[in-house]
Amino acid sequence: MFIGHLPAGYIVTRQAMRGRPQADAAAGRLLALGVVASVLPDFDLVYFYLIDNRQTLHHHYWTHLPAFWAAVAVPTLAIAALLRRPAALLAWLVFHANVFLHLVLDTVVGHVLWLYPFSADSVVLFDVPARHGWWVWNFVLHWTFLFELLLCGGALALFLKSRSREAAVEI
Ligand SMILES: [Zn+2]
């Protein structure tokens, strides 16, 4: 997935925040946490391009392993529960929902190792054929890219709706 992660993260985080009154600063921090988490696994592209010299599919790095994030989720959930603060649990939920959403969205046309460490077989919903010279066109011109555009449109509509609601409150 190319451009869909950030808008998907925005949509999911806004939904998680619905009906939970928060101070503006806290809501802003939660939204920032959600959108950063929505693209966090792709931070491995820095390693992929600058250090690994594109030798390994970046979906095979630990940053894209569901097992790694599950191993992070369990103890951090315990810590959040021990803190007995609803804000900590909400932050945990927003962070992990966005990370796992990233992995699910990557599975649409990218190979993700959902079964690792039990199996090295990757999972992908749709294989994108190599029809164009520049690999990016293969994905952008594939029908699944409409799904990414839909996510962008949905996030934009949600953003504009929240802005108009805030403007109405100020009046
Ligand atoms: Zn990714």
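Analysis parameters
- Residues numbered from 1 in each chain as written.
- Predicted model: local features only at pLDDT ≥ 70, side-chain atom pairs only at ≥ 80, totals over all residues.
- Heavy atoms only, no water.
- Helix = DSSP H or I, 4+ residues; strand = E, 2+ residues; numbered from the N terminus.
- Expected span 1.5 Å × (residues − 1).
- Buried < 20%, exposed > 50% of the residue type's maximum accessible area, 1.4 Å probe, protein only.
- Arc of directions from axis to C-beta.
- Contact = heavy atoms within 4.5 Å.
- Core = buried A, V, L, I, M, F, W, Y, C linked by side-chain atoms within 4.5 Å.

S.K.: Can you walk me through helix α2 (residues 24-39) in this structure?
M.R.: Its 16 residues place the ends of α2 23 Å apart at the C-alpha level, agreeing with the 22 Å of an ideal helix rising 1.5 Å per residue. Looking only at α2, the buried set comprises Ala 27, Leu 30, Leu 31, Gly 34, Ala 37 and Ser 38. Angular distribution of buried residues about the axis of α2 spans 130 degrees; they occupy a single face of the element.

S.K.: For this particular structure, what's the right way to read helix α1 (residues 5-17)?
M.R.: Side chains that are three or four residues apart share a direction in an α-helix, a result of its 3.6 residues per turn. For α1, built from 13 residues, the straight-helix expectation of 18 Å at 1.5 Å per residue is met to within 8% by its first-to-last C-alpha distance of 18 Å. Looking at the buried side of α1, the elements it contacts are α2, α5 (86-106) and α7 (145-170). Gly 19, located one to two residues past α1, shows a positive phi value of around 75 degrees.

S.K.: How should I be thinking about the nonpolar core in this particular structure?
M.R.: A general trend in soluble globular proteins is that nonpolar side chains are found buried together. Grouped together as the largest cluster of nonpolar side chains are 9 residues: Tyr 10, Ala 16, Met 17, Ala 27, Leu 30, Leu 31, Leu 90, Val 94 and Ala 155. Listed by contribution, the elements that provide at least two residues to this core are α1, α2 and α5. Counting 5 residues, the second largest nonpolar core, distinct from the first, contains Met 1, Leu 101, Leu 105 and Leu 151.

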